[in-house]
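# Survey of secondary and tertiary structure
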Amino acid sequence: MKNWMTRAVCAALVTCMPMMSWAQAWPTKQPIKLVAVFPPGGSVDQVARILSGPLSQQLGQSVVVENRGGASGVIGTAGVLSAPADGYTFAVVFDTHGVNQSLMPNMPYDSKRDLVPLVLVGTSAMMLTTHAASEYKSFGDVVAAAKAKKNVAYGSIGNGSLGHLAMTLMAKNGGLEFNHVPFKGGGPLMNDAIAGHIPLSIGTVFLNKPHIDSKRLRPLAVTSSKRVAEFPDVPTIAEAGFPGFEAPAWWALLASAKTPPDIVKRMNEELNKALSNPEVSKRLEAQGISIAGGSVERAKTFIDGQIDTWAKVVRENGIKPD
């Protein structure tokens, strides 16, 4: 009996050894790479860089940021999936991740099946703005003009962007008519908005804030469920006649679904620890990001919900990418 028990214990230890050695070995093999799936300078790049320092200190391993932009984040995300699923390569994504699956034909991966969220970093309101000298003094003026089909034009950062989809959803729900003018990014959009070349524009609070502060743009409404603390007088679209309306911008970290569960769990814990760091909170909030954090399950529920919501809008309105 004693010999049998000894053999059983040894067998159990041998079975557990690969898992134990894997957990103990990570992350000592090489630097961890955060792939920011947009070019340098944008919000995705900023989120990755804000988190890389604290993560490096917490994990005792170098954490580097690599920018791999293109195709609204698809190229960078596909690159992460082509790397070994060993916990050394992760994707930092934007809300385009919730749209790409339904918007782009021949996607190289399935957004729900092939990826696992590590954490929802945070969300931000989108903001509808107009030029300071515009005839639109309030969101109600915009709605009235769009109901009267007065060829109300607005700009977004591109076809299929969250701003475009949010305005499309609002128009359908309210019987409104807008003329969408797609721009190739936030820079060109803001240039035309502050010059008054486009009557309305929709983008993140971070994108709009400098121009609101300089009095060149006037905020009309936000797409979040609650008013933005920095702009308490700006109504939400929901409270301005569209109950239940919400279209948040968001940021998250993802891993290959083949990543060992222990590493996914550990990264979730470390990311939540980083997000609770006062300096990290301060820097993210300066980007207009309201920190979310929480479990892997919370992130998955949110992201899958975004994919489903915007897939319906894309499908019902025949929206195509640029």
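Per-chain numbering applies: the sequence of each chain, read as written, is numbered from 1 onward. Restriction of local features to residues with pLDDT of at least 70 applies here, the model being predicted, together with a cutoff of 80 or more for giving and counting side-chain atom pairs; totals for whole chains, interfaces and linings are based on all residues. Neither water nor hydrogens contribute to the side-chain values; these are computed over all heavy atoms in the structure.

### Quick look at the overall build of the chain
In DSSP terms, a helix is any run of H or I states spanning at least four residues, a strand is any run of E spanning at least two, and both are numbered starting from the N terminus. Looking only at helices and strands, the chain has 11 helices and 11 strands in total. When its C-alpha atoms are laid out on the principal axes, the chain stretches across 90 × 40 × 30 Å. Throughout, a residue-residue contact means that at least one pair of heavy atoms, one from each residue, lies within 4.5 Å. Counting only contacts in the chain whose residues sit at least 6 apart along the sequence, the fraction spanning at least 24 positions is 78%. Accessible surface area values rest on a Shrake-Rupley calculation with a 1.4 Å probe, where residue burial reflects the displayed protein chains alone. Here the chain displays about 14800 Å² of accessible surface, and carbon together with sulfur accounts for 56% of that area. His is not counted here, nor are the chain ends, while Lys and Arg score as positive and Asp and Glu score as negative. We put the charge of a Lys on NZ, of an Arg on CZ, of an Asp on CG and of a Glu on CD. Between the centroid of the 31 positive side chains of the chain and the centroid of its 25 negative side chains there is a distance of 3 Å.

### Concerning the sheet that holds strand S10 (residues 249–256)
Two strands are said to pair when DSSP picks up at least two bridges between them. Strand order in the open sheet made by the 6 strands is S2-S1-S3-S10-S4-S11, with mixed pairing throughout. In the strand order of this sheet, the two ends are held by strand S2 (63–67) and strand S11 (290–291), each with one partner. Axis lines are fitted through C-alpha atoms, for helices just across the contact stretch, and the angle between N-to-C directions can take any value from 0 to 180 degrees. Against the sheet, helix H9 (residues 261–275) touches strand S3 (89–94), strand S4 (115–124), S10 and S11, its axis set at about 15° to S4.

### A look at the packing of aromatic side chains
A pair of Phe, Tyr and Trp rings is counted when the ring centres sit within 6.5 Å of each other, with Trp represented by its six-membered ring. The angle between the planes then sorts it: under 30 degrees is stacked, over 60 is edge-to-face, the rest tilted. Counted according to the given criterion, the structure contains 6 aromatic pairs. Relative to Phe-178, the ring of Tyr-154 lies with its centre 5.9 Å away and its plane at 85°, an arrangement referred to as edge-to-face. Highlighted residues: Tyr-154 in strand S6 (residues 152–156) and Phe-178 in strand S7 (residues 178–182), separated in sequence by 24 residues. For the pair shown, Tyr-154 and Phe-178 are each scored as buried. Whether a residue is buried, partly exposed or exposed follows from its accessible area with a 1.4 Å probe, protein chains only, as a fraction of its type maximum: under 20%, in between, or over 50%, in that order.

### Details of the sheet that holds strand S5 (residues 126–131)
Taken together, 5 strands build an open sheet; the order of strands is S7-S6-S8-S5-S9 and the sheet is mixed. The sheet is open, and its two borders are formed by S7 and strand S9 (217–222), each paired with just one other strand. If you compare each strand with its neighbour and ignore which way they point, the axes differ by 30° on average. Each of S5, S6, strand S8 (200–204) and S9 is contacted by helix H7 (residues 186–194), which is oriented at about 140° to S8, the strand it contacts most. Running at roughly 120° to S8, helix H8 (residues 205–213) makes contact with S5, S8 and S9 of the sheet.

### Remarks on the nonpolar core
Only buried residues count toward a nonpolar core, which is a set of Ala, Val, Leu, Ile, Met, Phe, Trp, Tyr and Cys residues joined through side-chain atoms within 4.5 Å. Counting 85 residues, the largest nonpolar core has Leu-51, Phe-90, Val-121, Phe-139, Met-170 and Phe-178 as the members making the most contacts within it. With near-sequence residues (within four places) excluded, Phe-90 lies in contact with Trp-26, Ile-32, Lys-33, Leu-34, Val-35, Val-80, Leu-118, Leu-254, Ala-255, Ile-263 and Met-267. Ala-153, Ile-198, Phe-231 and Val-234 belong to the second largest nonpolar core, which has 16 residues in total.

### Digging into the side chain of Thr-168
Note on placement: Thr-168 falls in helix H6 (residues 162–174). Once residues lying within four places of it in the same chain are set aside, the contact partners of Thr-168 are Tyr-154, Val-313, Asn-317 and Ile-319.

### What about the side chain of Asn-100?
Relative to the helices and strands, Asn-100 resides in helix H4 (residues 97–103). Separated by 2.9 Å, the side chain of Asn-100 and the backbone oxygen of Ser-72 make a polar contact. Apart from the residues within four sequence positions on either side, Asn-100 is in contact with Ala-71, Ser-72, Val-74 and Met-107. Polar contact is defined as a pair of N or O atoms within 3.5 Å, subject to the rule that within protein one atom must be able to donate a hydrogen and the other to accept it, and that residues adjacent in sequence are counted only when both atoms are side-chain atoms.

### A word on H6
The terminal C-alpha atoms of H6 lie 18 Å apart, and with 13 residues this matches the ideal 18 Å at 1.5 Å per residue to within 8%. Once H6 finishes, Gly-175 follows within two positions and takes phi at roughly 65°, a positive value. A helix is expected to span 1.5 Å for every residue after the first.

### Observations regarding H7
Those residues of H7 not exposed but buried are Gly-186, Leu-189, Met-190, Ala-193 and Ile-194. One face of H7 carries all of its buried residues, which in axial projection span an arc of 115°. Its buried side turned inward, H7 meets S5, S6, S8, H8 and S9. With its phi angle positive at about 80°, Gly-196 sits one or two positions after the end of H7. Throughout, the arc means that of the directions going from the helix axis to the C-beta atoms.

### A look at the pairing of S4
Extensive coverage of S4 is indicated by the burial of 9 of its 10 residues. In terms of strand pairing, S4 meets S10 through 8 bridges, oriented antiparallel. Counted as the bridge partner of Gly-122 is Trp-251 from S10.

### With respect to the environment of Pro-27
On the secondary structure map, Pro-27 appears in the loop between helix H1 (2–25) and strand S1 (32–36). Not counting residues up to four positions away in its chain, the partners in contact with Pro-27 are Ile-32, Leu-59, Gln-61, Tyr-88 and Arg-266.

### Structural notes on the packing of H6 against helix H11 (residues 296–317)
How two helices pack is summed up by the angle between their axes together with the distance between the axes. Where H6 meets H11, the closest approach of the two axes is 10 Å, and the angle between their N-to-C directions is 70°. Taken together, the axes of H6 and H11 lie roughly perpendicular to each other. As for the relative orientation of H6 and H11, their crossing is left-handed in sense. Facing Leu-162, Leu-165, Ala-166, Thr-168, Leu-169 and Lys-172 of H6, the residues of H11 in contact are Trp-310, Val-313, Val-314, Glu-316 and Asn-317. Throughout, the ten residues Ala, Val, Leu, Ile, Met, Phe, Trp, Tyr, Cys and Pro are labelled nonpolar, Asp, Glu, Lys and Arg are labelled charged, and all others, Gly among them, are labelled polar. A breakdown of the residues in the contact of H6 with H11 according to their chemical character gives 7 nonpolar, 2 polar and 2 charged. The labels follow the angle: roughly parallel below 35 degrees, roughly antiparallel above 145, roughly perpendicular from 65 to 115, and oblique for the rest. Helix crossings are classified by the rotation of the near helix relative to the far one: an anticlockwise turn of less than a right angle makes the crossing left-handed, while a clockwise turn makes it right-handed.

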